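Here's the letter readout for the chains.
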Amino acid sequence: MEQVQKIENKVSLPPAPEGGWFPVDLRCIDPERFAPCDLYRKTGQSGFVLFSQKNLPLDRSTRDRLLAKGLYYLYIQYDDSSVYFDFMKNALIEVVRDPNTSSEKKALAVHASCREILRWAFEEPRAPFVRKAHEVILPTISLIMHDDRATKHLIHMTAYDHSTYTHCTNVGIYGVALAKIFYGTGSMKKMESLGPGFFLHDLGKCRIPIEILNKSGALTPEERQIVNRHPDDGRIMLADSGLLTDEAKIITGQHHERDDGMGYPLGLKENDIHPYARICRLADVYEALTADRPYHNRHSTFNAFKIMHKHFTSDLDRKLFEIFVQLFSA
Ligand SMILES: [Fe+2]
């Protein structure tokens, strides 16, 4: 296989929504297409000014100039969110299916789109946004299942910020890629039920206050109790969205359980923990070690594997780990 270059998907954390204005990632908007709704820029003096009008193509040179300056976000009005995400989803499906688009470009497109839609699902954690996220996750799963080269790019295309939606995007990719090897490539039907669980495993975290989520010191017992609720909260939110498959229920509910019974919320042990949850746990631990967090700088892949190696008897699954390591070989 041709050497796959390590790609750093340069990201900056998006600005926060302001009133009825929501930031959208310019990198998810193909300038060849007509804008699905009015797109705005935020300027220092004039507030929000029209950048590109609905049903007109984006000006590619202006778009590229903004990106070159590191200006990655435009704004849409809240009422346009549904039409915007349908546009993004349809564009993504076309890119994934296009035989003339390279695996690398496909990987870039699905990574950016997943982060974008998961960001919305976490910032606006209501059923319609969770369902939209699910619609974008499905073509991503299809790409991982059918395109090994794109999968390699995705594995090496890690964004390092500590946001929950970036974490979930990365864990989703690692989880599906690992499950593909573990269960075999003929398991597309299973993966459509299983995969969204990996991407949405931490949905319940949106109910944790941000100051607890980003706390750099030790949590108090009360704060720990709040954090430990997120597997159950995530399960309830998926049920409210109509997306709680048996697989997603297992993954969200058990992804913090440990073999030694020291996990949460139930303190399950060994064989009582389902392999789906073990896959998610492994991906979750690796992602947490290799991303910047308020309480540590990221570890290299090599160091993360060394740390994980010490936890086989108490926590992580050795057999799955050996498969997981293979994913990172060039
Ligand atoms: Fe979690």
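Residues numbered from 1 in each chain as written. Predicted model: local features only at pLDDT ≥ 70, side-chain atom pairs only at ≥ 80, totals over all residues.

A closer look at the overall build of the protein
Going by this rule: The way it works is that DSSP assigns letters per residue, a run of H or I at least four long becomes a helix, a run of E at least two long becomes a strand, and they are numbered from the N terminus. A radius of gyration in this sense is built from C-alpha atoms; the matching globule rule multiplies 2.2 Å by the number of residues raised to 0.38. Buried residues are those with 20 or more other C-beta atoms within 10 Å of their own C-beta, exposed residues have 12 or fewer, and partly exposed residues lie in between; C-beta atoms are placed from the backbone.
Scanning the protein from terminus to terminus reveals 14 helices and four strands. The C-alpha atoms of the protein give a radius of gyration of 20 Å, which matches the 20 Å a tight globule of 330 residues would have. Overall size of the protein, expressed as C-alpha extent along the three principal axes, is 55 × 50 × 35 Å. Expressed as a percentage of the 330 residues in the protein, the buried residues total 38%.

Quick look at the packing of helix α6 (residues 164-183) against helix α14 (residues 318-327)
Convention followed: Note on geometry: axes are C-alpha line fits, over the in-contact stretch for helices, and angles between N-to-C directions span 0 to 180 degrees. Two helices cross in a left-handed way if the nearer one is turned anticlockwise from the farther one by less than a right angle. They cross in a right-handed way if the turn is clockwise. By definition, residues are in contact whenever their C-beta atoms, placed on the basis of the backbone, come within 7 Å of each other. Three classes are used: nonpolar for Ala, Val, Leu, Ile, Met, Phe, Trp, Tyr, Cys and Pro, charged for Asp, Glu, Lys and Arg, and polar for all others, with Gly counted as polar.
Where α6 meets α14, the axes come as close as 10 Å, and the angle between the chain directions of the two elements is 115°. In the crossing of α6 with α14, the sense of the turn from one axis to the other is right-handed. Where α6 abuts α14, its residues A177, L178, I181 and F182 lie against L320, I323, F324 and L327. Classifying every residue of the contact of α6 with α14 by side-chain character gives eight nonpolar, no polar and no charged.

Section: the pairing of strand β3 (residues 47-52)
What counts is decided by this rule: Two strands are counted as paired when DSSP detects at least two bridges linking them.
In this structure, strand β2 (residues 39-43) lies alongside β3, joined through five bridges in antiparallel fashion. When the bridges of β3 are listed, T43 appears paired with G47.

Some details on the packing of helix α12 (residues 275-290) against helix α13 (residues 301-309)
Rules: Convention used here: angles under 35 degrees read as roughly parallel, angles over 145 as roughly antiparallel, angles from 65 to 115 as roughly perpendicular, and any remaining angle as oblique.
Axis separation between α12 and α13 bottoms out at 9 Å; the angle between their running directions is 130°. Comparing the axis directions of α12 and α13 gives the class oblique. Crossing geometry of α12 relative to α13 is assigned as right-handed. The segment α12 lies against α13, with V285, Y286, L289 and T290 engaging T301, A304, I307 and M308. For the contact of α12 with α13, the residue count by class is six nonpolar, two polar and no charged.

Overview of the environment of D25
On the secondary structure map, D25 appears in strand β1 (residues 21-25). As for D25 and A112, which are separated by 87 residues in sequence, their C-alpha atoms are 8.0 Å apart.

As for helix α2 (residues 81-97)
Here is the rule: To estimate the expected span of a helix, count its residues, drop one, and scale the result by 1.5 Å. Taking the helix axis as origin, the arc is that swept by the directions to the C-beta atoms.
Taking 1.5 Å as the rise per residue, α2 with 17 residues should run 24 Å; its terminal C-alpha atoms sit 24 Å apart, in good agreement. Taken as a whole, α2 has its buried residues at Y84, F85, M88, L92 and V96. Viewed along the axis of α2, the buried residues span an arc of 100°, placing them on a single side of the element. Considering only its buried residues, α2 is in contact with β1, β4 (73-77), α3 (103-123) and α4 (127-146).

Description of the nonpolar core
Here is the rule we go by: In this description, a nonpolar core means buried residues of the types Ala, Val, Leu, Ile, Met, Phe, Trp, Tyr and Cys, linked to one another by C-beta atoms lying within 7 Å.
Ranked by size, the top nonpolar core spans 72 residues in total, and within it L118, A133 and A283 carry the most contacts. Considering each element in turn, this core owes the most residues, 10 residues, to α3.

A few points about unusual backbone geometry
If a residue is not glycine, its phi is most likely negative; likewise, a peptide bond is most likely trans. Put simply, Y264 and P265 share a cis peptide bond, and its omega is 10°. Residue E270 is not a glycine yet carries a positive backbone phi of 35°. Position of E270 relative to the elements: it lies in the loop between α11 (246-254) and α12. Among the residues examined, E270 registers 10 C-beta atoms within 10 Å and is labelled exposed.

With respect to the environment of V49
Positionally, V49 belongs in strand β3. Classification of V49 as exposed rests on a count of 11 C-beta atoms within 10 Å. Considered as a pair, V49 and L39 are 10 residues apart in the sequence and their alpha carbons are 8.6 Å apart. Beyond its immediate stretch of four places on either side in the chain, V49 contacts Y40, R41 and T43.

Overview of the confidence of the model for the protein
Definition in use: Looking at any residue, its pLDDT shows the predictor's confidence there, from 0 to 100.
For the protein, per-residue confidence averages 86 on the pLDDT scale, and 94% of positions sit at 70 or higher. Scored below 50 in pLDDT, residues 1-10 makes 13 contacts in the model with residues more than four places away or belonging to other chains.

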